[in-house]
Amino acid sequence: MSLEALLTEIRACRACADQLAHEPRPVVRVSPRTRLLICGQAPGRRVHESGLPFDDPSGDRLRAWMGVDRDTFYDHPAIGVAAMAFCFPGTDPKGGDYPPPARCAALWRPRLLAELPQVELTLLVGRPAQRWELGGDRAGGSMTETVRAWRAFLPDVLVLPHPSWRNTAWLRKNPWFEAEIAPYLRQRVSLILGA
Ligand code: SF4
């Protein structure tokens, strides 16, 4: 099956329809030339509405870390986005989002990754994506611990805090992130886009 056919199947997926309070809208953006894959938790409400991944202030901060503008982020074929789950899971009573539907990765991820042979760097954005992809032992006891150990996951994985406003205080408290990891990320992105 081609990637295009698989994406058509994914976009038509309604496997979680019974579980969600809204119509599922899978958001995934990859190409056969994807070399940098961005993996967060799941789309938020705004992304659910626009259909564009990271089309929100978190995306603006992520693009700043990467050193790319919106046009490059969305149009360069080397940049792809595929979260742990492709649909917005809904808002919980405390105002946060529900966890990503677990079945999504089981249903789609191995097939999707099999169609992306050029991926050389995966950004694990936020704690849930790190725990899920790395597993409990490798992910460490906290996001700070994991992100501090970022070099241990190179060269194919780079762990990042979620760029959400909720982490603004964390970023202030941990200036080493902007001093060490963001420049490294920009350098890798620049190499990938320049190749
Ligand atoms: S979250 Fe994944 S499995 Fe569930 S409906 Fe969306 S695409 Fe399908």
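Residues numbered from 1 in each chain as written. Predicted model: local features only at pLDDT ≥ 70, side-chain atom pairs only at ≥ 80, totals over all residues. Heavy atoms only, no water.

Draft legend 1. Representation of the pattern of salt bridges. Going through the model one piece at a time under the given rule, you end up with 6 salt bridges. Arg-14 is the salt-bridge partner of Glu-23, the closest N and O atoms lying 2.7 Å from each other. Glu-120 serves as the salt-bridge partner of Arg-35, at 2.6 Å between the closest nitrogen and oxygen. With Arg-35 in the loop between α1 (3-11) and β1 (36-39) and Glu-120 in the loop between α5 (103-114) and β3 (121-125), this pair connects stretches of sequence that are 85 residues apart. (Salt bridge = Lys/Arg side-chain N within 4 Å of Asp/Glu carboxyl O. Helix = DSSP H or I, 4+ residues; strand = E, 2+ residues; numbered from the N terminus.)

Draft legend 2. Structural context of the side chain of Thr-122. Residue placement: Thr-122 occurs in strand β3. Filtering out sequence-adjacent residues up to four positions away, Thr-122 remains in contact with Leu-37, Cys-39, Asp-156, Val-157 and Leu-158. (Contact = heavy atoms within 4.5 Å.)

Draft legend 3. View of the site of the ligand. Cys-13, Arg-14, Ala-15, Cys-16, Pro-24, Pro-26, Cys-87, Pro-101, Cys-104, Leu-107 and Trp-108 make up every residue found near the ligand. Partitioning the shell around the ligand into residue classes produces 10 nonpolar, no polar and 1 charged. (Near = heavy atom within 4 Å. Nonpolar A, V, L, I, M, F, W, Y, C, P; charged D, E, K, R; others polar.)

Draft legend 4. Representation of α1 in the model. Turning to α1, its buried residues number three or more, namely Leu-3, Leu-6, Leu-7 and Ile-10. Down the axis of α1, the sector holding all buried residues measures 100 degrees, keeping them to one side. At its buried positions, α1 is contacted by α5. (Buried < 20%, exposed > 50% of the residue type's maximum accessible area, 1.4 Å probe, protein only. Arc of directions from axis to C-beta.)

Draft legend 5. Here's a closer look at the packing of aromatic side chains. Per the stated rule, a full pass over the model turns up 6 aromatic pairs. Here the aromatic rings of Trp-65 and Phe-177 are separated by 4.7 Å at their centres, their planes lie at 65 degrees, and the arrangement is edge-to-face. Of this pair, Trp-65 sits in helix α3 (residues 57-66) while Phe-177 sits in helix α9 (residues 176-194); the two residues are 112 residues apart in sequence, bridging distant segments of the chain. As far as burial versus exposure is concerned, Trp-65 and Phe-177 are alike and both buried. (Phe/Tyr/Trp six-rings, centres within 6.5 Å; stacked < 30°, edge-to-face > 60°.)

Draft legend 6. The environment of Met-66, seen in detail. Tracing the backbone shows Met-66 in helix α3. For the pair Met-66 and Arg-186, spaced 120 residues apart in sequence, the C-alpha separation works out to 4.8 Å.

Draft legend 7. Structural context of the packing of α1 against α5. Running from amino to carboxyl end, α1 crosses α5 at an angle of 165 degrees, the nearest separation of the two axes being 10 Å. By the angle class used here, α1 and α5 are roughly antiparallel. At the point where α1 passes α5, the crossing takes the left-handed sense. Across the interface between the two elements, Leu-3, Leu-6, Leu-7, Glu-9 and Ile-10 of α1 pack against Trp-108, Arg-111 and Leu-112 of α5. Classifying every residue of the contact of α1 with α5 gives 6 nonpolar, no polar and 2 charged. (Axes fitted to C-alpha atoms, helices over the stretch in contact; angles between N-to-C directions. Parallel < 35°, antiparallel > 145°, perpendicular 65-115°, else oblique. Left-handed = near helix turned anticlockwise from the far one by under 90°.)

Draft legend 8. View of the side chain of Ser-164. On the secondary structure map, Ser-164 appears in the loop between β4 (157-160) and α8 (168-173). Overall, the relative accessible area of 11% leaves Ser-164 in the buried class. Within the structure, the side chain of Ser-164 is placed 2.9 Å from the backbone nitrogen of Arg-166, a separation counted as a polar contact. With sequence-adjacent residues up to four places away left out, Ser-164 is seen in contact with Ser-58 and Arg-61. (Polar contact = N/O pair within 3.5 Å; in protein donor to acceptor, adjacent residues only side chain to side chain.)

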